[in-house]
Amino acid sequence: MRITAPTVVVIDDAGQNLGVMSTSQALQTAAEQDMDLIEVSPLANPPVCRIMDFGKWQYLQSQKVKKQKTLDTKNI
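Calculation rules
- Residues numbered from 1 in each chain as written.
- Predicted model: local features only at pLDDT ≥ 70, side-chain atom pairs only at ≥ 80, totals over all residues.
- Heavy atoms only, no water.
- Helix = DSSP H or I, 4+ residues; strand = E, 2+ residues; numbered from the N terminus.
- Contact = heavy atoms within 4.5 Å.

S.K.: Summarise the environment of Pro-46; cite the residues concerned and give the values.
M.R.: Structurally, the position occupied by Pro-46 is in the loop between β3 (36-41) and β4 (48-52). It is 7.5 Å that separates the C-alpha atoms of Pro-46 and Ala-5, two residues lying 41 residues apart in sequence. Residues within four places of Pro-46 in sequence aside, it is in contact with Thr-7, Val-8, Val-9 and Val-20.

S.K.: Mind laying out the environment of Arg-2, listing which residues take part and the relevant values?
M.R.: Along the chain, Arg-2 turns up in the segment before β1 (7-11). Residues Arg-2 and Glu-39 lie 37 residues apart in sequence; the distance between their C-alpha atoms is 9.0 Å.

Nothing here speaks to function; it is all geometry.
Quick look at the structure:
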């Protein structure tokens, strides 16, 4: 999936707001840090993107789902 907006608000890996920049500049900034640019709020104007490791993010999301399923099973 590609980011189609011409400008985005960028948040770095540490959670600091880097401000509004062009999508190409944001992608270049993420590439310099060997990270990925992830769109976290596509409905905002301009969209909010975060610089992070996508593989790590996917792993953390899967762990949250597993934990939630375990809690649901224990409640029944």
